[in-house]
Amino acid sequence: MPESGDRHALRTRLGIDLPIVQGPFGGGYSSARLAAAVSNAGGLGSFGVHALSAEQILHTATAIRALTAKPYALNLWVSNRDFQGDQPPLPMMQRMHERL
């Protein structure tokens, strides 16, 4: 059992008010509006980006950030069995990191 001071440690670390984490829907079911609404309500809004290109991920992050100043999560699932995926060029990865 956590000590009373540690009881809200995860919420504090995530910067959220409520112990609610939205499931990051994959396959096109996520929306920037839903993720932002959950974040604005005090939870951690999430967006499943595993099927998006790097540029689409940047667009999605920008769209969510335009709707909320609160924390949100981008869920990127990467398979260790996907041998067809190409590693993005380092300059692209650096640009993405700077923009996020």
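Before reading further, recall that the structure is shown in the block above.
Computed from a predicted structure; not experimentally measured.

Asker: Is there a simple way to explain the pairing of strand E2 (residues 72-75) in this structure?
Answerer: Side-chain positions along a regular strand alternate between the two faces of the sheet. Of the strand pairs in this sheet, strand E1 (residues 45-48) and E2 are connected by four bridges, and their pairing is parallel. Bridging across to E2, Gly-48 finds its partner in Asn-75. Taken together, E1, helix H3 (residues 54-67) and E2 form a β-α-β motif whose crossover is right-handed.

Asker: Explain the nonpolar core to me, please; I cannot follow it from the model alone.
Answerer: As a rule of thumb, nonpolar side chains are buried together in soluble globular proteins. Residues Ala-32, Ala-35, Phe-47, Val-49, Ala-54, Ile-57, Leu-58, Ala-61, Ile-64, Tyr-72 and Met-96 constitute the largest nonpolar core, which totals eleven residues. Counting residues per element, the ones that place at least two in this core are helix H2 (32-40) and H3. If one sorts the elements of this core by residue count, H3 sits on top with five residues.

Asker: Explanation requested: the side chain of Thr-60 in the structure shown.
Answerer: Among the secondary structure elements, Thr-60 is positioned in helix H3. Setting aside residues up to four positions removed in sequence, Thr-60 forms contacts with Phe-47, Val-49, Leu-52 and Leu-74.

Asker: Would you mind showing me how to read the packing of H3 against helix H4 (residues 90-99) here?
Answerer: How two helices sit against one another is set out by the angle between their axes and by the gap between those axes. Taken N-terminus to C-terminus, the directions of H3 and H4 make an angle of 5 degrees; their axes are 11 Å apart at the nearest point. Relative to H4, H3 is oriented roughly parallel. Contacts between H3 and H4 involve Ala-54, Glu-55, Ile-57, Leu-58 and Thr-62 on the former and, on the latter, Met-92, Arg-95, Met-96 and Arg-99. A breakdown of the residues in the contact of H3 with H4 according to their chemical character gives five nonpolar, one polar and three charged.

Asker: What exactly am I supposed to notice about H3 here?
Answerer: Owing to its 3.6 residues per turn, the α-helix brings residues three or four apart onto one side. End to end, H3 covers 20 Å across 14 residues, agreeing with the expected 20 Å (1.5 Å per residue, within 8%). Restricting attention to buried positions, one finds in H3 the residues Ala-54, Ile-57, Leu-58, Thr-60, Ala-61 and Ile-64. Down the axis of H3, the buried set is contained in an arc of 160 degrees. They therefore lie on one face. The exposed set on the far side of H3, more than 90 degrees from its buried face, consists of His-59 and Ala-66. Each element contacted by the buried residues of H3 is listed here: H2, E1, E2 and H4.

Asker: What's the story with the pattern of salt bridges in this structure? I'm lost.
Answerer: Charged atoms that come close allow side chains of opposite charge to pair. Enumeration over the complete set of coordinates arrives at two salt bridges. With a closest N to O distance of 3.8 Å, Lys-70 and Asp-17 form a salt bridge. Pair noted here: Lys-70 is in the loop between H3 and E2 and Asp-17 is in the loop between helix H1 (9-14) and H2, with a separation of 53 residues, a long-range link. Among the salt bridges present, the one from Arg-95 reaches Glu-55, with a minimum N-O distance of 3.6 Å. Of the two residues, Arg-95 sits in helix H4 while Glu-55 sits in helix H3, which places them 40 residues apart along the sequence. With relative accessibility at 42%, the residue Arg-95 sits in the partly exposed group. Among the residues examined, Glu-55 registers a relative accessible area of 40% and is labelled partly exposed.

Parameters at a glance
- Residues numbered from 1 in each chain as written.
- Predicted model: local features only at pLDDT ≥ 70, side-chain atom pairs only at ≥ 80, totals over all residues.
- Heavy atoms only, no water.
- Pairing = 2+ DSSP bridges.
- Helix = DSSP H or I, 4+ residues; strand = E, 2+ residues; numbered from the N terminus.
- Right-handed = clockwise from strand over helix to strand, strands pointing away.
- Core = buried A, V, L, I, M, F, W, Y, C linked by side-chain atoms within 4.5 Å.
- Buried < 20%, exposed > 50% of the residue type's maximum accessible area, 1.4 Å probe, protein only.
- Contact = heavy atoms within 4.5 Å.
- Axes fitted to C-alpha atoms, helices over the stretch in contact; angles between N-to-C directions.
- Parallel < 35°, antiparallel > 145°, perpendicular 65-115°, else oblique.
- Nonpolar A, V, L, I, M, F, W, Y, C, P; charged D, E, K, R; others polar.
- Expected span 1.5 Å × (residues − 1).
- Arc of directions from axis to C-beta.
- Salt bridge = Lys/Arg side-chain N within 4 Å of Asp/Glu carboxyl O.

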